[in-house]
Amino acid sequence: MAAACTVYTTHSLNSPCYVSTPTKTQLGFSQNHLVFNSSGKKTNWRCGSSVITCLGDTVVIGLAADSGCGKSTFMRRLTSVFGGAAESPKGGNPDSNTLISDTTTVICLDDYHSLDRTGRKEKGVTALDPRANDFNLMYEQVKALKDGIAVEKPIYNHVTGLLDPPELIKPPKILVIEGLHPMFDERVRKLLDFSIYLDISNEVKFAWKIQRDMAERGHSLESIKTSIEARKPDFDAYIDPQKQYADAVIEVLPTQLIPDDNEGKILRVRLIMREGVQFFSPVYLFDEGSTISWIPCGRKLNCSYPGIKFSYGPDTYYGHEVTVLEMDGQFDRLDELIYVESHLSNISTRFYGEVTQQMLKNADFPGSNNGTGLFQTIIGLKIRDLFEQIVASKGKIPVEATKA
Ligand SMILES: Nc1ncnc2c1ncn2[C@@H]1O[C@H](COP(=O)(O)OP(=O)(O)OP(=O)(O)O)[C@@H](O)[C@H]1O
Ligand SMILES: O=C(CO)[C@H](O)[C@H](O)COP(=O)(O)O
């Protein structure tokens, strides 16, 4: 993709500016800034004796969660906000984990497994163990994409358990890195413009695993239990701690509306939003900064047992200030969600009812009748807003010209 790039420089533009490779093409410029299209391959431009580094326009989003915790579903909701379908790279490996749409490219961090399935078995490590992953390559490639440079990314093949030949990834407008460890390595973490952690409680994770792996993949109840237990120590050591770094956490818990519920069908979902994140302002209910408990069921919202309860207010999370919006229960009729939407603010919609429209459009996705779908949709809209703000701000920030 050719990324448009504007570079503001203090360099005197009396001497002409050239793309240093592959051909010496003169760049257009006026007064103190240059405007040009980058090939997506080269980020250094030469002006007299100075080299100007073009910071790519790629916005990088990190999405962390354990396997089977709804990352793919979230990605489908996010892509849907931008319109257009997400597809695997054309003509590439049919087992590629990458999804590309007009605006977004989603890469799966499983592709940075340094050990294949046999290698992990031989060394006695799980895929969650950092020793089974190449964080140096992950950092170099995410950085390159952020800087506007295409990369040859490896592919981990989930069908064969092998590392396949790499695929070409060009810098997109929005790069989403999803998987087990987007916030584990400090260098990678610092490249993220926004990060999300899907925190699914053990009870709910178990219910979802049973539903998918038993019903859809023919696994036995015993094997699902064994697999969850085997992953737990590494999950606790390497995956779960990443939530302290997330800008938004979607926490999924069993309902509190039914005493001692053990069915795991009705969910209590908490959207934990960090305060002070650039280009992100937390969503609020009714009145910003207050503490509110709201049961919307009645004339405008039909609710069957056990009903719906919203809560909103400030809190602290891992020592930092957050705002928490919570929904316990589920919707009977999605079209009535407009009533709830009209009481929420800072949801970054472009028109009245956009959240409801998105939820109706994706009504067949898992979680569309509860807080998981609602909060994933809202975060999708917030990411669109964050992206637009970052792009707008780039035109205003001077980029230093460095001496060659
Ligand atoms: N919000 C939800 N409500 C109910 N079930 C859900 C929800 N999200 C996901 N699930 C269940 O979990 C399964 C896995 O979801 P999804 O494929 O989105 O997760 P994933 O994290 O991408 O998984 P993996 O990493 O294993 O590919 C779904 O098939 C569905 O059964
Ligand atoms: O935790 C996982 C991330 O999705 C997978 O278990 C890991 O990638 C290994 O994959 P596979 O089980 O296909 O060998």
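Residues numbered from 1 in each chain as written. Chains lettered and ligands numbered in written order. Predicted model: local features only at pLDDT ≥ 70, side-chain atom pairs only at ≥ 80, totals over all residues. Heavy atoms only, no water.

You'll find the chain entered in an unreviewed UniProt entry as Phosphoribulokinase, with Erythroxylum novogranatense given as the organism. The UniProt entry for the chain carries the following text under Pathway (unreviewed entry): "Carbohydrate biosynthesis; Calvin cycle." Checking UniProt for the chain, the heading Subcellular location (unreviewed entry) contains the comment "Plastid, Chloroplast". (UniProt positions renumbered as here; feature names shortened; annotations may be inferred.)

Enquirer: Tell me about the pattern of salt bridges, and please be specific about residues and values.
Expert: Where side chains of opposite charge bring their charged atoms close, a pairing between them can arise. In the structure shown here, the tally under the stated rule is 22 salt bridges. Where Glu87 meets Lys90, a salt bridge forms, and the shortest distance between an N and an O atom there is 3.4 Å. Since its relative accessible area comes to 40%, Glu87 is described here as partly exposed. Among the salt bridges present, the one from Asp335 reaches Arg333, with a minimum N-O distance of 2.7 Å. Residue classification places Arg333 among the partly exposed residues on the basis of a relative accessible area of 41%. Through salt bridges with shared partners, a single network forms among Glu251, Arg268, Arg270 and Glu326. (Salt bridge = Lys/Arg side-chain N within 4 Å of Asp/Glu carboxyl O. Buried < 20%, exposed > 50% of the residue type's maximum accessible area, 1.4 Å probe, protein only.)

Enquirer: A description of the packing of aromatic side chains should follow, citing residues and the corresponding values.
Expert: Aromatic ring pairs are reported here in terms of the distance separating the ring centres and the angle at which the planes meet. A full pass over the atoms with the stated rule returns seven aromatic pairs. The interplanar angle of 75° and the centroid separation of 6.2 Å between the aromatic rings of Phe184 and Tyr238 together place this pair among those described as edge-to-face. Here Phe184, found in the loop between strand S12 (174–179) and helix H4 (186–191), pairs with Tyr238, found in helix H6 (residues 221–239); they are 54 residues apart in sequence, far enough to count as distant. Relative accessible area serves as the criterion here: at 29%, Phe184 is assigned to the partly exposed category. The partly exposed category is assigned to Tyr238, whose relative accessible area is 24%. Cluster of aromatic residues (ring-pair linked, three or more members): Phe286, Trp294, Phe310 and Tyr339. Above the plane of the ring of Tyr245 lies Arg189, whose end atom (NZ or CZ) is 3.6 Å from the centre. (Phe/Tyr/Trp six-rings, centres within 6.5 Å; stacked < 30°, edge-to-face > 60°. Helix = DSSP H or I, 4+ residues; strand = E, 2+ residues; numbered from the N terminus. Lys NZ or Arg CZ within 6 Å of the ring centre and 35° of its normal.)

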